[in-house]
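Notes for the structure review
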Amino acid sequence: MKKIIQYLMMLTVSLMATSCYYDEMPPEAIDITPIPDVVSYSNDVQPLWDQDCINCHKPGGTAPDLTAANSYLALTKNNKYVIPNNAAGSLVHKALIGDGAPLMPTSGKWSDSKIALVDKWINDGALNN
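This report concerns the structure included in the present document.

Quick notes on the rules
Sequence order as written defines residue numbering, which begins from 1 separately in each chain. Confidence filtering applies because this is a predicted model: local features only for residues at pLDDT of at least 70, side-chain atom pairs given and counted only at 80 or more, and all residues used for totals across whole chains, interfaces and linings. Values reported for side chains reflect all heavy atoms of the structure, with hydrogen atoms and water molecules removed beforehand. Throughout, nonpolar core names a set of buried Ala, Val, Leu, Ile, Met, Phe, Trp, Tyr and Cys residues whose side chains join them through atoms within 4.5 Å. Remark: exposure states derive from per-residue accessible area (1.4 Å probe, protein chains only) relative to the maximum for the residue type, with buried under 20%, exposed over 50%, and partly exposed in between. Helix and strand definitions follow DSSP, with helices as H or I runs of at least four residues and strands as E runs of at least two, each counted in order from the N terminus. Residue contacts are counted whenever heavy atoms from the two residues lie within 4.5 Å of one another. In what follows, salt bridge is the name for a side-chain nitrogen of Lys or Arg lying within 4 Å of a carboxyl oxygen of Asp or Glu.

1. With respect to the nonpolar core
One finds Trp49, Leu75, Val92, Trp110, Val118 and Trp121 to be the most contacted residues of the largest nonpolar core, which totals 20 residues. Taken together, the elements giving at least two residues each to this core come down to helix 3 (41-52), helix 5 (91-97) and helix 6 (112-123). In terms of residue count, helix 6 provides more of this core than any other element does, five residues in total. Those residues in contact with tryptophan 49 that lie beyond four places of it in its chain are Tyr41, Ile54, Leu66, Ser71, Leu75, Val92, Trp110 and Val118.

Below, the structure is given as structure tokens:
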């Protein structure tokens, strides 16, 4: 009888020990950027550049210049970085996801929702709105 009680106690302790775990919030759940029906370059996209990019992408820094006064023209001139209506083919999209574009410290580190916001702006015609 004593062995049965010991066995049951060991079984109970082992079940209790393996049943405890901690859930972690995936990074995407923590950093969700809402996507409006109409993406405004100045209100929705430029703040992303201001937050994460202009430390390097500024006058005299790494091209393109993403400061508010210069970013739209720098990105869209001659379709060099942004191809309106074609996010997947745009260098900006490729750089943000770290796919075959010049690598940046933020390549592949942006949340899916931030990238989706920029992609929506591009796919909606990359308007200067």
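2. Brief notes about the pattern of salt bridges
Following the criterion strictly, the structure yields two salt bridges and no others. As a salt-bridge pair, lysine 114 and aspartate 52 come within 3.0 Å of each other at their nearest N and O atoms. Taken together, the positions of lysine 114 in helix 6 and aspartate 52 in helix 3 put the pair 62 residues apart, joining distant regions of the chain. Residue class for aspartate 52 comes out partly exposed when judged on its relative accessible area of 26%. Its salt-bridge partner being lysine 120, residue aspartate 124 comes within 2.7 Å of it at the nearest N-O pair.

3. A few points about the environment of proline 47
Residue placement: proline 47 occurs in helix 3. Here proline 47 falls in the partly exposed class, since its relative accessible area comes to 33%. Sequence spacing of proline 47 and threonine 67 is 20 residues, and the spatial spacing of their C-alpha atoms is 9.8 Å. Setting aside chain neighbours within four positions, we find proline 47 in contact with Tyr41 and Ser42.

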